[in-house]
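Structure assessment
The primary structure of each chain is shown beneath.
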Amino acid sequence: MRTFVAGHEVFGDLEFAELALGIDVDLFRGPLVFEADDERAAREDAARDVLADLREMGEAGDEIAGWDALYADALTRTVPFLRSVRGLRSGTGEAA
């Protein structure tokens, strides 16, 4: 069975969420690969701007934007966990 969102075929859960909700997960969560400090600062600035716009639209009565703001805000809280995982040594479960 194929899944389509807005005329685009979806090939995974992450892509489905991005197309259905209009939220770029990596923008809010951060990439799962190394990110330089200046790249992270630029991404976080953009994410804050988008999140502020979503909240503003939600408060103005756009229910979908309000739910998107909640989802995007939750994604921003996953970053510390991902950074802590990067500090673990492979296969040992111990901090590097």
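Here, every reference points to the structure presented above.
1. Side note on the overall build of the chain
Across its full length, the chain holds 5 helices and 2 strands. When the helices and strands of the chain are placed in sequence order, the string is β-β-α-α-α-α-α. Pairs at least 24 residues apart make up 35% of the contacts formed inside the chain by residues separated by at least 6 positions. For the chain, the exposed surface amounts to about 6900 Å²; the carbon and sulfur share of it is 57%.

2. A closer look at the pattern of salt bridges
By the definition in use, this model includes 6 salt bridges. With its nearest N and O atoms 2.6 Å apart, the salt bridge here joins Asp-37 to Arg-40. Of this pair, Asp-37 and Arg-40 both sit in helix α3 (residues 37-59), 3 residues apart, which is roughly one turn of the helix. Salt-bridge contacts for Asp-73 lead to Arg-77; the nearest nitrogen and oxygen are separated by 2.7 Å.

Parameters and conventions
Along every chain, residues carry numbers that run from 1 in the direction the sequence is written. Only residues with pLDDT of at least 70 are given local features in this predicted model, and only at 80 or more are side-chain atom pairs given and counted; all residues enter the totals for whole chains, interfaces and linings. In computing side-chain properties, one takes all heavy atoms of the structure into account and sets aside hydrogens as well as water. Under the DSSP-based scheme used, a helix requires at least four consecutive residues in state H or I and a strand at least two consecutive residues in state E, with every element numbered from the N terminus. Residues count as neighbours in contact if any of their non-hydrogen atoms are within 4.5 Å of one another. Only the protein chains shown count as cover for residues, with accessible areas throughout obtained via the Shrake-Rupley method and a probe of 1.4 Å. Salt bridge, as applied in this entry: a Lys or Arg side-chain nitrogen positioned within 4 Å of an Asp or Glu carboxyl oxygen.

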